[in-house]
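# Chain and residue survey
Single-letter residue listing:
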Amino acid sequence: MFTEIKPGHADALRKDLAAMADAADDERVHAAVRQIGTLHDARHVIFDNDTRFMFASVFDGSWDAYIDDFAKTVVGERFDRVFSHSVGFPGVKDPGVKDWFVAHQAPAGVFVSAYPDLTVQQIYKDHRVEEAFEEVLDTAEFRAALENPANADLVNTTAFQKLLEEASA
(Lines give C-alpha, C1' and ligand atoms only; values in the text may rest on other atoms or scores of the structure.)
Protein backbone atom coordinates (compact mmCIF):
# COMPACT_ATOMS: atom_id res chain seq x y z
CA MET A 1 0.00 0.00 0.00
CA PHE A 2 1.07 3.58 -0.68
CA THR A 3 0.25 6.64 1.40
CA GLU A 4 1.04 10.31 1.36
CA ILE A 5 3.22 11.41 4.29
CA LYS A 6 1.88 14.41 6.18
CA PRO A 7 3.97 17.50 5.40
CA GLY A 8 6.89 17.73 7.80
CA HIS A 9 6.39 14.20 9.17
CA ALA A 10 9.06 12.27 7.22
CA ASP A 11 11.72 12.61 9.93
CA ALA A 12 9.26 11.60 12.65
CA LEU A 13 8.19 8.61 10.55
CA ARG A 14 11.83 7.68 9.98
CA LYS A 15 12.42 7.92 13.74
CA ASP A 16 9.39 5.72 14.50
CA LEU A 17 10.50 3.15 11.92
CA ALA A 18 14.01 3.12 13.44
CA ALA A 19 12.52 2.64 16.91
CA MET A 20 10.39 -0.18 15.56
CA ALA A 21 13.46 -1.82 14.01
CA ASP A 22 15.40 -1.40 17.27
CA ALA A 23 12.52 -3.09 19.08
CA ALA A 24 12.48 -6.01 16.64
CA ASP A 25 13.92 -8.12 19.44
CA ASP A 26 11.03 -7.11 21.69
CA GLU A 27 9.62 -10.39 23.02
CA ARG A 28 6.07 -8.96 23.06
CA VAL A 29 6.23 -8.36 19.32
CA HIS A 30 7.66 -11.81 18.61
CA ALA A 31 4.99 -13.36 20.82
CA ALA A 32 2.22 -11.47 19.01
CA VAL A 33 3.55 -12.39 15.58
CA ARG A 34 3.89 -16.06 16.62
CA GLN A 35 0.44 -16.09 18.22
CA ILE A 36 -1.21 -14.68 15.12
CA GLY A 37 0.88 -17.00 12.98
CA THR A 38 0.19 -15.59 9.51
CA LEU A 39 2.93 -12.98 8.85
CA HIS A 40 5.70 -13.94 6.44
CA ASP A 41 7.27 -10.46 6.24
CA ALA A 42 6.61 -6.71 6.17
CA ARG A 43 8.53 -3.78 4.68
CA HIS A 44 8.35 -0.02 5.18
CA VAL A 45 9.81 2.42 2.64
CA ILE A 46 9.87 6.23 2.55
CA PHE A 47 10.31 7.53 -1.01
CA ASP A 48 9.60 10.36 -3.49
CA ASN A 49 11.67 12.90 -1.57
CA ASP A 50 10.05 12.06 1.78
CA THR A 51 6.49 12.58 0.50
CA ARG A 52 5.26 8.99 0.15
CA PHE A 53 5.33 5.84 2.22
CA MET A 54 5.04 2.21 1.15
CA PHE A 55 4.03 -0.66 3.39
CA ALA A 56 4.29 -4.11 1.84
CA SER A 57 3.40 -7.27 3.68
CA VAL A 58 3.11 -10.96 2.86
CA PHE A 59 0.72 -12.95 5.01
CA ASP A 60 -1.56 -15.97 4.97
CA GLY A 61 -5.33 -15.51 4.89
CA SER A 62 -7.53 -12.52 4.28
CA TRP A 63 -6.66 -8.84 4.65
CA ASP A 64 -9.59 -8.37 7.07
CA ALA A 65 -8.30 -11.11 9.38
CA TYR A 66 -4.75 -9.74 9.13
CA ILE A 67 -5.81 -6.25 10.26
CA ASP A 68 -8.20 -7.57 12.92
CA ASP A 69 -5.57 -9.91 14.37
CA PHE A 70 -2.78 -7.34 14.51
CA ALA A 71 -5.03 -4.56 15.82
CA LYS A 72 -5.61 -6.64 18.97
CA THR A 73 -1.89 -6.88 19.78
CA VAL A 74 1.13 -4.69 20.44
CA VAL A 75 1.60 -4.67 16.66
CA GLY A 76 -1.60 -2.62 16.36
CA GLU A 77 0.03 0.08 18.48
CA ARG A 78 2.94 0.10 16.03
CA PHE A 79 0.56 0.39 13.08
CA ASP A 80 -1.00 3.41 14.79
CA ARG A 81 2.37 5.04 15.43
CA VAL A 82 3.73 4.50 11.92
CA PHE A 83 0.57 5.29 9.95
CA SER A 84 -0.22 8.35 12.10
CA HIS A 85 2.27 10.09 9.79
CA SER A 86 0.09 9.32 6.76
CA VAL A 87 -2.57 11.74 5.54
CA GLY A 88 -6.05 10.72 6.65
CA PHE A 89 -5.14 7.66 8.73
CA PRO A 90 -8.08 7.16 11.13
CA GLY A 91 -6.35 4.84 13.63
CA VAL A 92 -6.18 1.07 13.65
CA LYS A 93 -9.22 0.70 15.95
CA ASP A 94 -11.41 3.06 13.90
CA PRO A 95 -14.30 1.24 12.17
CA GLY A 96 -13.22 2.83 8.87
CA VAL A 97 -9.58 1.75 9.02
CA LYS A 98 -10.02 -1.20 6.66
CA ASP A 99 -11.62 1.05 4.06
CA TRP A 100 -8.69 3.46 4.45
CA PHE A 101 -6.17 0.65 3.95
CA VAL A 102 -8.05 -0.69 0.91
CA ALA A 103 -8.20 2.81 -0.62
CA HIS A 104 -4.39 2.93 -0.45
CA GLN A 105 -3.67 -0.55 -1.77
CA ALA A 106 -2.12 -1.32 -5.13
CA PRO A 107 -1.89 -4.88 -6.40
CA ALA A 108 1.51 -6.35 -7.15
CA GLY A 109 2.14 -6.78 -10.84
CA VAL A 110 4.25 -9.85 -10.14
CA PHE A 111 4.79 -11.74 -6.92
CA VAL A 112 7.37 -14.51 -6.67
CA SER A 113 7.79 -16.71 -3.62
CA ALA A 114 10.46 -19.28 -2.89
CA TYR A 115 7.85 -21.34 -1.04
CA PRO A 116 4.41 -20.53 -2.53
CA ASP A 117 2.68 -23.56 -1.06
CA LEU A 118 3.84 -23.14 2.55
CA THR A 119 1.90 -21.25 5.20
CA VAL A 120 3.62 -19.64 8.16
CA GLN A 121 2.23 -22.41 10.37
CA GLN A 122 3.74 -25.06 8.08
CA ILE A 123 7.08 -23.26 8.14
CA TYR A 124 6.99 -23.11 11.96
CA LYS A 125 6.17 -26.84 12.08
CA ASP A 126 8.91 -27.71 9.57
CA HIS A 127 11.39 -25.78 11.70
CA ARG A 128 10.32 -27.57 14.89
CA VAL A 129 10.51 -30.99 13.20
CA GLU A 130 13.94 -30.19 11.77
CA GLU A 131 15.25 -29.11 15.18
CA ALA A 132 13.90 -32.29 16.79
CA PHE A 133 15.32 -34.48 14.02
CA GLU A 134 18.74 -32.79 14.28
CA GLU A 135 18.67 -33.48 18.01
CA VAL A 136 17.96 -37.18 17.34
CA LEU A 137 20.73 -37.38 14.75
CA ASP A 138 23.25 -36.25 17.33
CA THR A 139 22.54 -39.08 19.76
CA ALA A 140 24.60 -42.22 20.24
CA GLU A 141 21.34 -44.18 20.31
CA PHE A 142 20.51 -43.09 16.77
CA ARG A 143 23.97 -44.07 15.50
CA ALA A 144 23.61 -47.45 17.22
CA ALA A 145 20.18 -47.96 15.64
CA LEU A 146 21.64 -47.25 12.19
CA GLU A 147 24.31 -49.88 12.71
CA ASN A 148 21.95 -52.50 14.17
CA PRO A 149 21.35 -55.25 11.58
CA ALA A 150 17.76 -55.58 12.78
CA ASN A 151 17.08 -52.09 11.29
CA ALA A 152 18.79 -52.75 7.95
CA ASP A 153 15.53 -53.04 5.99
CA LEU A 154 14.42 -49.58 7.17
CA VAL A 155 17.84 -47.95 6.90
CA ASN A 156 18.29 -49.19 3.33
CA THR A 157 14.97 -47.87 2.02
CA THR A 158 15.12 -45.09 -0.54
CA ALA A 159 12.99 -42.86 1.71
CA PHE A 160 15.26 -43.30 4.73
CA GLN A 161 18.39 -42.73 2.67
CA LYS A 162 16.85 -39.58 1.23
CA LEU A 163 16.06 -38.40 4.77
CA LEU A 164 19.66 -38.93 5.85
CA GLU A 165 20.93 -37.24 2.69
CA GLU A 166 18.73 -34.18 3.25
CA ALA A 167 19.74 -34.00 6.91
CA SER A 168 23.40 -33.88 5.97
CA ALA A 169 22.97 -31.18 3.29
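Predicted, not measured: the structure shown is a model, and the values here were computed from it. (Residues numbered from 1 in each chain as written. Predicted model: local features only at pLDDT ≥ 70, side-chain atom pairs only at ≥ 80, totals over all residues. Heavy atoms only, no water.)

## Examining the pairing of strand β3 (residues 52–59)
Along any regular strand the residues' side chains alternate between the sheet's two faces. What counts is decided by this rule: By the convention used here, strands pair only if DSSP detects at least 2 bridges between them. Only DSSP runs of H or I covering at least 4 residues are called helices, and only runs of E covering at least 2 are called strands; the numbering of each starts at the N terminus.
Where strand β1 (residues 2–4) lies against β3, three bridges are found, and the strand directions are antiparallel. Looking at the pairing, Phe2 lines up with Met54 of β3. Here strand β2 (residues 39–47) runs beside β3; their pairing, made up of eight bridges, is antiparallel. In the sheet register, His44 faces β3, and the bridge partner there is Phe55.

## Let's talk about the pattern of salt bridges
Quick note on the threshold: Salt-bridge detection follows one rule: a side-chain nitrogen of Lys or Arg within 4 Å of a carboxyl oxygen of Asp or Glu. Each residue is placed in one exposure class: buried if its accessible area under a 1.4 Å probe, protein chains only, is under 20% of its type's maximum, exposed if it is over 50%, and partly exposed if it falls in between.
Taken as a whole and judged by the stated rule, the model has five salt bridges. Residue Asp11 pairs with Arg14 through a salt bridge whose shortest N-O separation is 3.0 Å. Here Asp11 pairs with Arg14, and both are found in helix α1 (residues 10–22), just three residues apart, close to one helical turn. Note that Asp50 and Arg14 form a salt bridge whose closest N and O atoms lie 2.6 Å from each other. Linking Asp50 in the loop between β2 and β3 with Arg14 in helix α1, this pair joins segments that are 36 residues apart in sequence. By relative accessible area, which is 33% here, Asp50 ends up partly exposed. The class for Arg14 is partly exposed, based on a relative accessible area of 35%. One continuous salt-bridge network, built from bridges that share partners, spans Asp11, Arg14 and Asp50.

## Considerations on the packing of helix α3 (residues 63–71) against helix α4 (residues 74–83)
What counts is decided by this rule: Axis geometry follows a simple rule: fit a line to the C-alpha atoms, using only the stretch in contact for helices, then measure angles between N-to-C directions, giving values from 0 to 180 degrees. Angles are sorted into four bins: roughly parallel if under 35 degrees, roughly antiparallel if over 145, roughly perpendicular if 65 to 115, and oblique for all others. Working rule for contacts: check all heavy atoms of both residues, and any pair within 4.5 Å makes them a contact. Amino acids outside the nonpolar list (Ala, Val, Leu, Ile, Met, Phe, Trp, Tyr, Cys, Pro) and the charged list (Asp, Glu, Lys, Arg) are all regarded as polar, and Gly is one of them.
Following both chains from N to C, one finds α3 and α4 inclined at 100°, their axes separated by 6 Å at the closest point. In terms of orientation, α3 lies roughly perpendicular with respect to α4. Contacts from Tyr66, Ile67, Phe70 and Ala71 in α3 reach Val75, Gly76 and Phe79 in α4. Counted by class, the contact of α3 with α4 contains six nonpolar, one polar and no charged residues.

## A few points about α1
Quick note on the threshold: Multiplying 1.5 Å by the helix residue count minus one yields the expected span of that helix. Read the arc as the range of directions from the helix axis to the C-beta atoms.
For α1, spanning 13 residues, the distance from its first C-alpha to its last is 18 Å, which sits close to the expected 18 Å at 1.5 Å a residue. Those residues of α1 not exposed but buried are Ala10, Leu13, Asp16, Leu17 and Met20. What you see down the axis of α1 is that its buried residues fit within an arc of 125°, all on one side. Set apart from the buried face of α1 by more than 90 degrees, the exposed residues are Asp11, Lys15 and Asp22. Tucked inside the fold, the buried residues of α1 contact β2, β3 and α4.

## Some words on the packing of aromatic side chains
Put simply, the rule is: By convention, a stacked pair of Phe, Tyr or Trp rings (six-membered ring in the case of Trp) has centres within 6.5 Å and planes under 30 degrees apart, an edge-to-face pair has planes over 60 apart, and any other such pair is tilted. Think of it as a cone above the ring: NZ of Lys or CZ of Arg counts as a charge over the ring if it is within 6 Å of the ring centre and within 35 degrees of the ring normal.
Going through the model one piece at a time under the given rule, you end up with 19 aromatic pairs. Each ring, one from Phe70 and one from Phe79, has its centre 6.2 Å from the other, and the planes form 20°; the classification is stacked. Like Phe70, the residue Phe79 is buried in the burial classification. Just above the ring of Tyr124 sits the side chain of Arg34; from NZ or CZ to the centre is 3.8 Å.

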